[in-house]
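Chains, contacts and geometry: an overview
Chain by chain, the residues run as shown.
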Amino acid sequence: MKSFGTWVPRQLWIGITNRCLCNCVHCLVGPSLNKNGKTEFTTAEYRRLIDEGCSLGFMEAVYFGGEPLLRNDIVELVDYANTKGLLASLFTNGVMLSKEMADRLKGAGLNMCNVSLDSANPATHDRLRGLNGCFNKAVKGIRYIVANEIKCSIWTYASKEDIRSGLIDLRNLILLGKELRVDKINILFPMASGNWLCSWSEMLTAEERGNVRALHAPPFVNFEFPDEGDHCSAGKVFIYISPEGDVYPCPALSHCVLGNIRSQQLNSILRNLINNNAAGSQSTCSGECWINKRNSDDRKFWSKSI
């Protein structure tokens, strides 16, 4: 899409907070979890961001965290994006998806609710999320969302344990998704970012990714990389803005700052993205996240830098 002579991605991912009730082993927020709360944008600042995104030609506003439902103004911001003509969606761990919250999100015009489930086994999910009772609350939340006829997807990832167990848990999660009547399930591959910044042993090999892709069954079961030749969407389909206003091609690429919307216009930052090919992955990334492909020298550098 083009606006004012500048191409823009379709989705504007807004990191609305780094606060969260969970403490996930694989959290993309990493060491920033539950920190820097005082630097979060105000409601008015987010409204201005939505205004600018709308004027540039973005089509979707995606609220990301942390846990977006911890923001007291999340329903208001969903409603504001909706009234500006943007499709509004959010990512959530589901813990705060009460019937009342689901009803309010419905009234605000939420288009899609993406709920994270790391396992079909309640004990495993709660352990990976660092919060007892997380699974049951998330499943209840999904039921409330589906009952309100809001589109709902389950987001999960394929782990080394899934490989060792013959993908039993992932298969069970797909069955659970069908039982809950969600619209789709998105399976990610592990990314060397956040809490897993240097956890190279957690990354899947090409052979392991191929084994997991046996579950690919669109439109219900989807992958960001359904084939080893597929390239990522960072900086092309979406861009990400952190709670501090830093702009990245993707929340996983925490080292690739394009600018900050507190000191720059989003339009100029987008020009920087295009002119400098800042996503990096556009020609080199295929099959999995670009950051997993660092060579041994890169890995030594990143290990020292944290």
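Residue numbers run consecutively from 1 along every chain, following the written order of its sequence. At least 70 in pLDDT is required for a residue's local features to be given in this predicted model, at least 80 for side-chain atom pairs to be given and counted, and no such filter applies to totals for whole chains, interfaces and linings, which use all residues. In computing side-chain values, all of the structure's heavy atoms are included and hydrogens and water are not.

**Comments concerning empty space enclosed by the protein**
- Here a cavity denotes grid points, spaced 1 Å and computed from the protein atoms alone, that fit a 1.4 Å probe unable to get out, and a pocket denotes an open set having protein on both sides within 12 Å along at least 5 of 7 lines; residues with an atom within 4 Å of a point are the lining. Grid points are joined across faces, edges and corners, and a volume is the space filled by probe spheres set on the points. This structure, assessed with the given rule, holds one cavity of 30 Å³ or more.
- Quantified by volume, the largest cavity comes out at close to 60 Å³.
- Contributing to the lining of the largest cavity are I187, L188, F189, P190, M191, E224, F225, E288, C289 and N292.
- Its residues assigned to classes, the lining of the largest cavity comprises seven nonpolar, one polar and two charged. Three classes are used, and their members are as follows: Ala, Val, Leu, Ile, Met, Phe, Trp, Tyr, Cys and Pro are nonpolar, Asp, Glu, Lys and Arg are charged, and the others, Gly among them, are polar.

**Let's talk about the confidence of the model for the protein chain**
- A residue-level look at the protein chain finds 88% of positions with pLDDT of 70 or above and a mean pLDDT of 88.
- Every residue gets a pLDDT, meaning the predictor's confidence in that residue, from 0 to 100. Contacts between residues were defined by any pair of non-hydrogen atoms, one from each residue, lying within 4.5 Å. Here residues 278-283 is a poorly scored stretch, pLDDT under 50, and it has 21 contacts once near neighbours within four places are set aside; other chains count.
- Scored below 50 in pLDDT, residues 295-306 shows 11 contacts in the model against residues more than four places distant or in partner chains.

**Side note on the pattern of salt bridges**
- In the sections that follow, a salt bridge refers to a side-chain nitrogen of Lys or Arg positioned within 4 Å of a carboxyl oxygen of Asp or Glu. For the structure shown, the criterion picks out 14 salt bridges.
- Note that D118 and R129 form a salt bridge whose closest N and O atoms lie 2.8 Å from each other. With D118 in the loop between β6 (112-116) and α4 (122-129) and R129 in helix α4, the pair connects residues that are 11 residues apart, well separated along the chain. In terms of burial, D118 and R129 fall into one category: buried.
- Among the ionic pairs, E228 bridges to R209, the shortest N-O distance being 2.9 Å. In this pair, E228 is assigned in the loop between β9 (221-223) and β10 (238-241) and R209 in helix α8 (residues 206-212), connecting sequence segments 19 residues apart.
- Its relative accessible area of 29% is what places E228 among the partly exposed residues.
- Relative accessibility thresholds used throughout: buried, under 20% of the residue-type maximum; exposed, over 50%; partly exposed, between the two (1.4 Å probe, protein chains only). Judged by its relative accessible area of 4%, R209 is buried. Per the convention used, a helix needs a DSSP run of H or I reaching at least four residues, while a strand needs a run of E reaching at least two, with both numbered from the N terminus.

**Concerning the state of the cysteines**
- A pair of cysteine sulfur atoms is labelled a disulfide when the two atoms are within 2.5 Å. Tallied over the full model, the rule gives zero disulfides.
- The structure places no disulfide on C113, whose sulfur is separated from the nearest cysteine sulfur, that of C152, by 5.3 Å.

**What about helix α5 (residues 134-147)?**
- Multiplying 1.5 Å by the helix residue count minus one yields the expected span of that helix. Compared with the 20 Å implied by 1.5 Å per residue over 14 residues, the 20 Å span of α5 between its first and last C-alpha is a close match.
- For α5, every residue scored as buried is listed here: C134, F135, A138, V139, G141, I142, I145 and V146. Buried positions in α5, seen along its axis, are confined to an arc of 160° and lie on one side of it. Opposite the buried face of α5, at more than 90 degrees from it, the exposed residues are K140 and A147.
- Buried residues belonging to α5 abut α3 (99-108), β6, α4, β7 (151-157) and α7 (168-180).
- Backbone geometry just downstream of α5 places E149 in the positive-phi region, at approximately 60°. Arc, as used here, means the arc of the directions from the helix axis to the C-beta atoms.

**Quick notes on the pairing of strand β4 (residues 60-64)**
- The element β4 is extensively covered by neighbouring structure, given that five of its five residues are classed as buried.
- The two faces of β4 match: E60, V62 and F64 on one face and A61 and Y63 on the other face are all buried.
- Relative to strand β5 (residues 87-92), β4 is paired through four bridges, and the arrangement is parallel. Note that in β5 the partner of V62 across the bridge is S89.
- Here a crossover is taken to be right-handed if, once the strands point away from the viewer, the path from the first strand over the helix to the second is traced clockwise. The parallel pair β4 and β5 is bridged by helix α2 (residues 74-83), and the resulting crossover is right-handed. For two strands to be treated as a pair, DSSP must find no fewer than two bridges joining them.

**Considering the environment of A123**
- Here A123 shows up in helix α4.
- Placed 12 residues apart in sequence, A123 and F135 show a C-alpha to C-alpha distance of 7.9 Å.

**Thoughts on the sheet that holds strand β11 (residues 246-248)**
- Strand order across the open sheet formed by 10 strands is β9-β8-β7-β6-β5-β4-β3-β10-β11-β12, with mixed pairing between neighbours. Both outer strands of the open sheet, β9 and β12 (259-260), are each paired with one neighbouring strand and no more.
- Direction of pairing for strand β3 (residues 11-15) relative to β4: parallel, over a ladder of five bridges. Opposite W13, over in β4, you have V62 as the bridge partner.

**Let's talk about the packing of aromatic side chains**
- Here is the rule: rings of Phe, Tyr and Trp (six-membered ring for Trp) pair when centre to centre is within 6.5 Å. Planes less than 30 degrees apart are stacked, more than 60 are edge-to-face, and the remainder are tilted. Scanning the model with the defined rule gives nine aromatic pairs in all.
- Taking the centre distance of 5.3 Å and the plane angle of 70° together, the rings of F64 and F91 count as edge-to-face. A residue pair is termed long-range when its members are at least 10 positions apart, and F64 in strand β4 and F91 in strand β5 qualify at 27 residues.
- In this structure F91 comes out as buried when scored by relative accessible area, which is 10%.
- An angle of 35° between the planes, with centres 5.7 Å apart, marks the rings of F189 and F223 as tilted. Of the two residues, F189 is situated in the loop between β8 (184-188) and α8 and F223 in strand β9; the sequence distance between them amounts to 34 residues.

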